[in-house]
Amino acid sequence: MTIGVDDDESAFSRLEDNKGLAESWLRICGRLKGEVGEVEYRTWLTQIALGPIDGDEITLLLPTRFLRDWVRSQYGDRLNELWHNEIPSIRRVELQVARPGDPAPLPVTEVAAAPASAAPLPTEDNSPASRPVAEVRSDLVTALDSRFTFDTFVVGKPNEFAYACARRVAEKPSSVGFNPLFLYGGVGLGKTHLMHAIGAELVKSGNVSVAYMSAEKFMYRFIAAIRSQSTIEFKEQLRSVDVLMIDDLQFLIGKDNTQEEFFHTFNALVDAGRQIVVSADKSPSDLSGLEDRLRTRLGCGMVADIHATTFELRISILEAKAAASGVVVPAKVLEFLAHKITSNVRELEGALNRLIAHANLFGRPVTLEATQDVLHDILKAHDRRVTIEEIQKKVAEHWNIRLTDMSSARRARNVARPRQVAMYLAKQLTSRSLPEIGRKFGNRDHTTVMHAVNRVTELMERDAAFAEDVELMRRMLES
Ligand code: ADP
Ligand code: MG
């Protein structure tokens, strides 16, 4: 069975009417403006020009590389969604730097309609001659994602401490010992989710002003304030909030001026008894490149680590998300996913969402077979982590044979058996074909590999100690 990712594409008619494009773009701009607010919209989005459409891809043009990168990182996903909603056949928005002769931005806003007062944008060269941007009188509160609440956060061993700390801060901001709250952990493990949950809880509880933004956004807002000579306002705004949350602080490494500004804001807020919540990918002491005094202060409150997920947590998360979706996903499929996708929750969630979308779209039950089909590319990407060379090396070490014996012609049992195990693991853990695997083992025939796979499977069934050994190898290689 093939449920190709793009099978449904033919269901959508190709876009023929290019005149409609400008109207779509107008509507999208309107939406964006509503979502991000006037200032942000004017600062970053008014200079996007509509480029050509090619199949399922539409090109948008920006005047500088700086702007293109910024728009891509901040609004890329949203632009994709909005375009897709507007014109279903569009699957991708490509952002490019405009070249001379490319179309100009549409006059879609009152800013563009009155070019004299249009807010010029920061240019790439950063030169002092750059024109000032629009006044930064921004709403400091980046919209909190309503999906990220404490209710939807699944708690397990790896995150229970961070969760408890986040709960505590949401209940009693600025408690001694919890200020700042410093959450750290690898990518996709729930830092942003917890921060939004704190924010949502505080906003719900009443009269608390919460500002949440990524460190990157903090920097860009700071730069924009400098350019428009409104740093004082910027500072005042920041210092007037009850709770300031800055996400992904590691972004400030090497950005000395922004760090300095953050340090002062930080001190002013903590001294005034306000709560700070910060996230980063490393602990304060490991964030080398951050100024010492800032690191010291960051470590002064509560430092909570979110550890890599365990199999149990991955299962719980999948169960919760599957239940919330209303689609029945068999336990076998959940286990398969929890086994295969160990990197982080974001990828796990992405995989499950794709399965659910397919189930809904085609009205077919989720099976293990369909899962392998639908998630083919994701699973392959994860397989690629383990190479045949790594497998050979680990197996050779474990059974104490020479690495060269993996491809040698020696047939002594003490060499041949580990070699067979390595072939077996190569088949299990990589997406290589039998002939490809054979080639890596001294140009052996694919039937030799097949024989090895069968032989090891057989032996594992008969010999529990051997099976345990092989399983151990597999787990070591997978982690
Ligand atoms: P980080 O900020 O650490 O990179 P995120 O908070 O963005 O990670 O989490 C990535 C995705 O995984 C989000 O969609 C989030 O809702 C989800 N997620 C992470 N941890 C959990 C959890 N414990 N329970 C439920 N969802 C989670
Ligand atoms: Mg994050």
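Above this text sits the structure in question.
Here the structure is a predicted model, which means the values were calculated and not measured.

K.L.:
Just checking my understanding: could you explain the overall build of the protein chain for this structure?
P.N.:
Looking only at helices and strands, one finds 20 helices and 8 strands in the protein chain. Going through the 479 residues of the protein chain one by one, you find that 45% of them count as buried.

K.L.:
How should I be thinking about the pairing of strand E5 (residues 210-214) in this particular structure?
P.N.:
Extensive coverage of E5 is indicated by the burial of 5 of its 5 residues. Burial along E5 is two-sided: the face carrying Val-210, Tyr-212 and Ser-214 and the face carrying Ala-211 and Met-213 are both buried. In terms of strand pairing, E5 meets strand E6 (residues 243-247) through 5 bridges, oriented parallel. From the neighbouring strand, Ala-211 faces E6, where its bridge partner is Leu-244.

K.L.:
What exactly am I supposed to notice about the pairing of E6 here?
P.N.:
Each regular strand carries side chains that alternate between the two faces of the sheet. In terms of burial, E6 is largely enclosed, as 5 of its 5 residues are buried. Side chains Val-243, Met-245 and Asp-247 project from E6 onto one buried face, and the interleaved Leu-244 and Ile-246 project onto a second face that is buried too. Bridge analysis of E6 against strand E7 (residues 275-280) gives 4 bridges, and the strand direction is parallel. Each residue of the ladder has a partner; that of Ile-246, found in E7, is Val-278.

K.L.:
So what exactly am I meant to see when it comes to the side chain of Gln-275 here?
P.N.:
Examined against the element boundaries, Gln-275 turns out to sit in strand E7. A polar side-chain atom of Gln-275 sits 3.3 Å from a polar atom in the side chain of Asn-179. Apart from residues lying up to four places away in sequence, Gln-275 is in contact with Val-169, Pro-173, Ser-174, Ser-175, Phe-178, Asn-179, Pro-180, Leu-181, Asp-242, Val-243 and Leu-244.

Conventions adopted
- The numbering scheme is per chain: residues are counted from 1 as the chain's sequence reads.
- Working convention: letters from A go to chains and numbers from 1 go to ligands, in the order in which they are written.
- Given that the model is predicted, a residue must reach a pLDDT of at least 70 before its local features are reported, and side-chain atom pairs must reach 80 or more before they are shown or counted; all residues, however, enter totals for whole chains, interfaces and linings.
- Think of the side-chain values as coming from all heavy atoms in the structure, minus any hydrogens and water.
- Going along the chain from the N terminus, every DSSP run of H or I of four or more residues is numbered as a helix, and every run of E of two or more is numbered as a strand.
- Accessible area is worked out with a 1.4 Å probe on protein chains only. A residue is then buried under 20% of its type maximum, exposed over 50%, and partly exposed in between.
- Pairing between strands requires that DSSP locate at least two bridges from one strand to the other.
- Each polar contact in these results corresponds to two N or O atoms within 3.5 Å; when the atoms are within protein, one needs to be able to donate a hydrogen and the other to accept it, and residues that are neighboring in sequence are counted only if both atoms are side-chain atoms.
- Contacts were defined at the residue level, with two residues in contact if any of their heavy atoms lie within 4.5 Å.

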